[in-house]
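Okay, here's what each chain looks like letter by letter:
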Amino acid sequence: MHARIGRSIVRVPIAVAVACLCLPALSLSAQPPGGRGAVDSGVERLRAFDPAAVERGRSVFGEKCSSCHRQNARGGEDFSGPDLIRSVLVLQDVNGQQIAAHLRTGHKPLIALAASEITDVGAFLHREITYAAERTNYQLQYAMTGNAKAGETYFNGAGGCNKCHSPTGDLKGIGSRNDGPRLQALIAFGTIGGGRGRGEAAAPSRTARRATVTLASGETFSGVLLRLTDFDVTIRDDDGKPRSWLRSGNVPKVTIVDPLQGHIDLLPKYTDAAIHDLAAYLATLK
Amino acid sequence: MNKMSMLLAVCSVALPIALLAQRSDPLQPARYPEAWPTHYGDYSGRRYSPLAQINAANVKTLSLAWTYRATAQEGDTSGGEYHAGDPYYWGGPQATVTIKATPLVANGVLYFAAPDHAYAIDARTGRAIWHYFWRTRGGIHIGNRGVGMYGNLLFFETPDCYLVSLDAATGKERWHKEIADVRQQYFCTPAPIVIGRHVIVGIGGDSLDVQGYLESYEPESGERQWRWYTTPQKMGEPGSETWPDAYSMTHGGGMTWLPPTYDPDLNLLYIPTGNPNPVFAPRSRKGDNLFTCALVALNPDTGKMAWYFQTSPHDTHDWDSAQVPVLIDGQIDGRPRKLVAQAARNGYYFLLDRTNGKSIQTVPYVDFMNWSLGVNDKGQPINNPAKDATVDGTLVSPGSATNWPPPSFSPKTGLLYVGTSQSYGLQYLTDTDERPEGYGGGAVGGGGAGGREAYIKALDYRTGKVRWRHPLTDGRRSAVRRRRFSKFRRVRSIDGRSALACRTPRDAVERADHVHARRAAVRGDRRRRFVVRVHAGAVKPTQWKSRAFLIIIDRY
């Protein structure tokens, strides 16, 4: 967790990710946490810790405890003390009380800590536990590994990205507006986060699908696709008016154009290296 | 039926399964087709009902019979281990009720649960019979799959991991037992399954590397009869060779959050186990990590393992194998066989001999997967380490080919109906410590171009071949698909009838038509509350005395 190794570390604000069917764990959304109640929200839980107490606790822990338990309290092969993040005693502790009792009676060797120091160490340990257990809090340790030159070649060659995108047009400045993980999400999925835009807003999302509905009479209507089931279809036409038809089999005929089709076609073909290279290339488009 | 006679009717199921009376018996589902006495209807996990009143021809004519609004307020009866001033651990009381349960049906009463709540409702009128409220100590309130029943006794689990026994007639608590420690990050969602004099309970919680186990309790006294740990407890025990050391093994996860199925002739229960821990960061758990992500056959009298088959050796993608093991009595190469089938979250369909766990078939049921290098000679998928989460991200598909919403199997068609998804995600490693903990990483995506096709697929149980597929289309696919998707699946999962209706794509369309009609009927109700709706069919009265019912739970 805080063993941040490597080069530049990109911190991505992580919002509360609501459990979902697909891939719930991390969110790239920069929006403030919301949704579930405060008690259930990992982000809120971390905020509940007094940062000053956590830092004091970290400092005391480093001085008095880390030689046996390691600075991040997880122990390990070269450390004689147990892992305190998974420690049942610490997990069952409330406000340092059980930790204090253990230090007074059960801990060997005896450690002389003031009551306030124990409280601070408790805050530090509980904060670390909460971080480890709350995936919505995780901070990406992303470091760009791709080759920008190779990415540019892919962009204009195998990937065919240049058929829809231009580094001096729609992608101009994309590297300034987005960090690596956001760029990679845009490359793979065409969107950030879960949605593609519902097409319901006044200005429909660029990624919303468009549909052409051909009636039995031959009359056609086109617009942003709002809803398509086996039984009905609804579009918002170019005047902003919603229109619906019942469907029976393939009548009326519905033809869909998906602006993300290029992304969809690439997904099964991508290598991870190609995505990393593309991200490195897009990062240069300032 | 007045309330008194209703209570009498409830009391008439107040007999142990062995003596079980007139109205329901999970061992004889065909004899009492109107009952739904276990989470799966019977013990097989097929979720198949022989009732034929509601069918593809008349499903359109269903209309709303009643609505019951499940509230989060204090119930008629209550219990709990929370005391004023106590801290809440990892969660707390919820202001709204989320229903993910399959209701049991016995003698005209629906019994179901939600986190911290249990309810009994008159199935014909929607009138509440009782509502029980549990004062929680915490735990992640993600859901509850429902109750188990033994005669007149009900059992359900709470998010803070207590097993609570209620009197089915009154909703009064008989006893409760702590089955896991909420302070260690366990939380509990499963529906207990009652097998003879065993209340089988599983647990959940993979946030902080605790160990999974399955337990059995005596239904009358609440005494624990046995506990089976998912992972070996000491080096040298069978399976310990698949872990680097005892420390990783006893913090290796393997939760038991899906109710098991059961074969009474073999006297074996089949429990599918959850993913290993740490979830996305496997460096401290090299090896296959038995018996996580496995299908395990246990003797319900002793908790001893008869055999196991690991469906995801060394999982690194958070793909619990907690999908329903469906018991099928089928024919392979012209010979009758006792089989168990599972469409797993990793995208593979598994068919095993359920007497010994030997593989018969392992085949992908999604169009594309890149996490697996193929299948080994035991029929197990081979994990591709290049697709493990990395700090710079790996593109992984399927994201989660299916999940806990259960499939259905029709013995008439020989098809297993599964809700599937072909999504993509970027998986990132966030914990590079030599001793990673918790999830250690996660996935980004599933939206936009990554939220690819969701289908109902019908698999031939013998081969796993996709006989037909029906896309779950919606213009707001990425934003709303999940809701519609789960709605459809839940319809299937609760009403075994629906599987019968889905013999062809056209039949599936009929099913969807019903969903749509229902939605139209309640369009005015936009408050985001959770309700139970029962639809009465305009069909000939035979069973249920007067009307046929289709029971659907959904959120709006």
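Quick caveat, the model's predicted, so the values are computed rather than measured.

1. Looking at the overall build of chain A
Along its length, chain A carries 11 helices and 5 strands. Of all 286 residues assigned to chain A, the portion counted as buried reaches 42%. A separation threshold of at least 6 residues defines the contact pool for chain A, and within that pool the share at least 24 residues apart is 59%.

2. Details of the packing of helix 7 (residues 148-156) of chain A against helix 11 (residues 272-283) of chain A
Residue and element names in this part refer to chain A. With their axes 7 Å apart at the nearest point, helix 7 and helix 11 run at an angle of 100° to one another. Of the possible angle classes, the one that applies to helix 7 and helix 11 is roughly perpendicular. Across from Ala148, Ala150, Gly151, Glu152, Tyr154 and Phe155 in helix 7, the residues of helix 11 making contact are Ala274, Asp277, Leu278, Ala280 and Tyr281. Residues that form the contact of helix 7 with helix 11 fall into these classes: 8 nonpolar, 1 polar and 2 charged.

3. A look at the confidence of the model for chain B
All names here are of chain B. When the pLDDT values of chain B are averaged, the result is 82; 80% of them are 70 or greater. Taken together, the stretch residues 474-548 has pLDDT below 50 and engages in 185 contacts with residues farther than four places along the chain or on a different chain. Both scores are given for the predicted complex: the pTM is 0.84, the ipTM 0.85.

4. Structural notes on unusual backbone geometry
Trans peptide bonds make up most of the peptide bonds, and negative phi angles are found at most residues other than glycine. Between A:Lys108 and the following residue, A:Pro109, the backbone shows a cis peptide bond with an omega angle of -5°. Note that A:Pro109 resides in the loop between helix 5 (97-105) and helix 6 (115-133). Here the amide bond leading from A:Val251 into A:Pro252 is cis, since omega sits at -5°, within 30 degrees of zero. Turning to its location among the elements, A:Pro252 is positioned in the loop between strand 4 (242-246) and strand 5 (253-257). A positive phi angle, near 50°, is found at B:Asn107, a position not held by glycine. Mapped onto the fold, B:Asn107 is located in the loop between strand 3 (104-106) and strand 4 (109-114). C-beta crowding within 10 Å serves as the criterion here: with 21 such atoms nearby, B:Asn107 is assigned to the buried category. The backbone phi angle of B:Cys293 is positive, close to 45°, even though this residue is not glycine. Structurally, B:Cys293 is set in the loop between strand 16 (268-272) and strand 17 (294-298). Assessed through the 31 C-beta atoms surrounding it within 10 Å, B:Cys293 is described here as buried.

5. Some remarks on the pairing of strand 29 (residues 441-445) of chain B
Residues and elements named next belong to chain B. Burial analysis of strand 29 places 5 of its 5 residues in the buried class, the great majority of the element. Where strand 28 (residues 425-429) lies against strand 29, 5 bridges are found, and the strand directions are antiparallel. Within strand 29, the residue paired with Gln427 across the bridge is Ala443.

Conventions we followed
Residues numbered from 1 in each chain as written. Chains lettered and ligands numbered in written order. Predicted model: local features only at pLDDT ≥ 70, side-chain atom pairs only at ≥ 80, totals over all residues. Helix = DSSP H or I, 4+ residues; strand = E, 2+ residues; numbered from the N terminus. Buried ≥ 20, exposed ≤ 12 C-beta atoms within 10 Å, placed from the backbone. Contact = placed C-beta atoms within 7 Å. Axes fitted to C-alpha atoms, helices over the stretch in contact; angles between N-to-C directions. Parallel < 35°, antiparallel > 145°, perpendicular 65-115°, else oblique. Nonpolar A, V, L, I, M, F, W, Y, C, P; charged D, E, K, R; others polar. pLDDT = per-residue confidence, 0-100. Pairing = 2+ DSSP bridges.

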